[in-house]
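# Reading the structure
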Amino acid sequence: MNDNNILSVRGLKKSFGKLEVLKGVDIDIKKGEKIAIIGPSGCGKSTFLRCINCMEDPSGGSIFFNDVDLADQRVDINIHREQIGMVFQQFNLFNNKTIIENIMLAPVSLTLKKIKKAKRKNFFTKVGNIFRKNKKELIKITQTKAEIVENARANAEKLLKRIGLEDKADVYPSTLSGGQKQRVAIVRALAMNPQVILFDEPTSALDPEMVGEVLDLIKEVANEGMTMLIVTHEMGFAREVANRVLFMDSGIIAEQGTPAEIFDNPQNPRTIQFLKAVL
């Protein structure tokens with residue numbers, strides 16, 4: 001894989017029973033690229049994202065993330081999925097946890113899991129060292145549980161301040177508007193310091209007056225250099241934010257190019273037909 005590519009997808013297929021949703025997707029994505037994915041409903045856009053994030057197992061093909069094939073069943077996908085954030089249409093916040101607990105949950109849980117794994121390895125290393133002439137070094141554990149929680153809370157508070165919702169830290173998601181929930185979902189993804197964020201129609205469940213505040217936050221994150229794949233029906237947003245636009249149809253990438261190429265001079269008849277219907 002090219003050094004500048006953070007993701008390379010080759011021959012990606014996905015079927016649900018007899019229904020073939022993805023029919024062989026090939027694409028290279030460079031670090032820092034902002035890619036908008038457009039196309040009619042049911043063309044495979046969301047399934048494509050869910051395969052990249054390992055929420056769906058591909059039926060065929062490869063997904064190379066930092067040169068590791070996530071479609072290889074021998075790979076521990078959880079290690080790599082930590083670096084691929086996802087923001088859904090329906091927010092997917094935990095209603096029984098406060099806003100700050102929602103943001104802290106993944107960083108705390110994953111860090112504690114890593115420490116538990118390191119302690120287990122250290123135990124077996126100590127036992128093995130009894131019989132070894134050349135002793136193996138133990139894994140250094142530098143944080144306590146209290147420190148991990150404290151650091152996660154400080155980061156969550158900083159993220160909430162960034163989106164102007166610091167006063168909502170201890171309330172529950174049911175008290176927030178749709179736009180507020182989606183902004184929380186975005187900073188929850190950012191709390192993991194991912195290398196890539198996938199957005200699956202992040203504004204489709206919002207009332208029209210709430211769309212702008214969410215798109216503004218996504219633009220802000222994009223301007224900071226985050227690699228993004230965004231499934232969207234907001235064509236003006238796609239034109240403004242994306243470096244590249246993919247038009248998907250019937251489970252394949254039917255056309256791709258710069259926003260100017262796709263929106264001003266599309267070549268594929270199906271792209272032309274779609275854009276006439278939505279613009």
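Scroll up a little and you will see the structure.
Residues numbered from 1 in each chain as written. Predicted model: local features only at pLDDT ≥ 70, side-chain atom pairs only at ≥ 80, totals over all residues. Heavy atoms only, no water.

For any two helices packed against each other, one specifies the crossing angle of their axes together with the interaxial distance. With their axes 9 Å apart at the nearest point, helix α3 (residues 99-129) and helix α4 (residues 145-162) run at an angle of 145° to one another. As for how α3 packs across α4, the hand of that crossing is right-handed. Across the interface between the two elements, Ile99, Ile100, Ile103, Met104, Val108, Thr111, Leu112 and Ile115 from α3 touch Lys145, Ile148, Val149, Ala152, Arg153, Ala156, Glu157, Leu159 and Leu160 from α4. Residue classes in the contact of α3 with α4 are distributed as 13 nonpolar, one polar and three charged. (Axes fitted to C-alpha atoms, helices over the stretch in contact; angles between N-to-C directions. Helix = DSSP H or I, 4+ residues; strand = E, 2+ residues; numbered from the N terminus. Left-handed = near helix turned anticlockwise from the far one by under 90°. Contact = heavy atoms within 4.5 Å. Nonpolar A, V, L, I, M, F, W, Y, C, P; charged D, E, K, R; others polar.)

A positive phi angle, close to 50°, is found at asparagine 66, a residue other than glycine. Position of asparagine 66 among the secondary structure elements: in the loop between β4 (60-65) and β5 (68-69). Taking the relative accessible area as the measure of exposure, asparagine 66 reaches 31% and is therefore partly exposed. Residue aspartate 67 is not a glycine yet carries a positive backbone phi of 70°. (Buried < 20%, exposed > 50% of the residue type's maximum accessible area, 1.4 Å probe, protein only.)

Strands pair in a sheet through their backbones, by hydrogen bonds, and they do so in one of two ways: parallel or antiparallel. The mixed open sheet is built from six strands, whose spatial order is β6-β7-β8-β3-β9-β10. Each edge of the open sheet is held by one strand with a lone partner, namely β6 (84-87) and β10 (252-257). The sheet shows a mean angle of 20° between the axes of neighbouring strands, direction not considered. Where helix α5 (residues 178-190) meets the sheet, it contacts β6 and β7 (196-200), and its direction lies at approximately 175° from that of β6. (Pairing = 2+ DSSP bridges.)

Okay, helix α9 (residues 269-278) next. Within α9, the full set of buried residues consists of Thr271, Phe274 and Leu275. Along α9, the residues classed as buried sweep out an arc of 95° about the axis, all on the same side. With respect to the buried face of α9, the exposed residues turned more than 90 degrees away are Pro269, Gln273, Lys276 and Ala277. The inward-facing, buried residues of α9 abut β3 (34-38), α7 (235-241), β9 (244-249), β10 and α8 (259-264). The N-capping residue of α9, defined by a side-chain oxygen 2.7 Å from the backbone nitrogen of arginine 270, is asparagine 268. (Arc of directions from axis to C-beta. Polar contact = N/O pair within 3.5 Å; in protein donor to acceptor, adjacent residues only side chain to side chain.)

Once that is clear, we can look at the nonpolar core. Membership of the largest hydrophobic core comes to 41 residues, with the highest contact counts inside it found for Ile103, Leu160 and Val184. Those elements giving two or more residues to this core turn out to be α3, α4, α5, β7, α6 (208-223), β8 (227-231) and α7. If one sorts the elements of this core by residue count, α6 sits on top with eight residues. Contact partners of leucine 160, with chain neighbours within four places excluded, come to Ile99, Ile100, Ile103, Leu165, Glu166, Ala169 and Val184. Core analysis: the next-biggest nonpolar cluster, separate from the first, contains 29 residues, Val9, Cys43, Leu49 and Leu229 among them. (Core = buried A, V, L, I, M, F, W, Y, C linked by side-chain atoms within 4.5 Å.)

Time to look at the side chain of glutamate 56. Assignment of secondary structure puts glutamate 56 in the loop between α1 (45-52) and β4. If near-sequence neighbours (up to four positions away) are discounted, glutamate 56 is found in contact with Lys14, Phe16, Arg50 and Cys51.

What follows covers the packing of α3 against α5. Interhelical geometry of α3 versus α5 gives an angle of 30° and a closest axis separation of 8 Å. The orientation of α3 with respect to α5, classified from their angle, is roughly parallel. Handedness of the crossing formed by α3 with α5: right-handed. Residues Ile99, Asn102 and Ile103 of α3 pack against Val184, Val187 and Arg188 of α5. (Parallel < 35°, antiparallel > 145°, perpendicular 65-115°, else oblique.)

Within the secondary structure layout, leucine 246 lies in strand β9. Separated by eleven residues in sequence, leucine 246 and glycine 257 have C-alpha atoms that sit 6.9 Å apart. Setting aside residues no more than four positions away along its own chain, leucine 246 makes contact with Ile27, Ile35, Ala36, Ile37, Ile38, Ile253, Glu255 and Gln256.

Between its first and last C-alpha atoms α4 spans 26 Å; for 18 residues at 1.5 Å apiece the expected length is 26 Å, and the two agree. Among all positions of α4, only Ile148, Ala152, Ala156, Leu159 and Leu160 are buried. One face of α4 carries all of its buried residues, which in axial projection span an arc of 100°. Facing away from the buried side of α4 by more than 90 degrees, the exposed set consists of Ala146, Glu150, Lys158 and Lys161. Summarising the contacts, the buried residues of α4 are in contact with α3 and α5. Looking one or two residues beyond α4, the residue adopting positive phi is glycine 164, at roughly 70°. (Expected span 1.5 Å × (residues − 1).)

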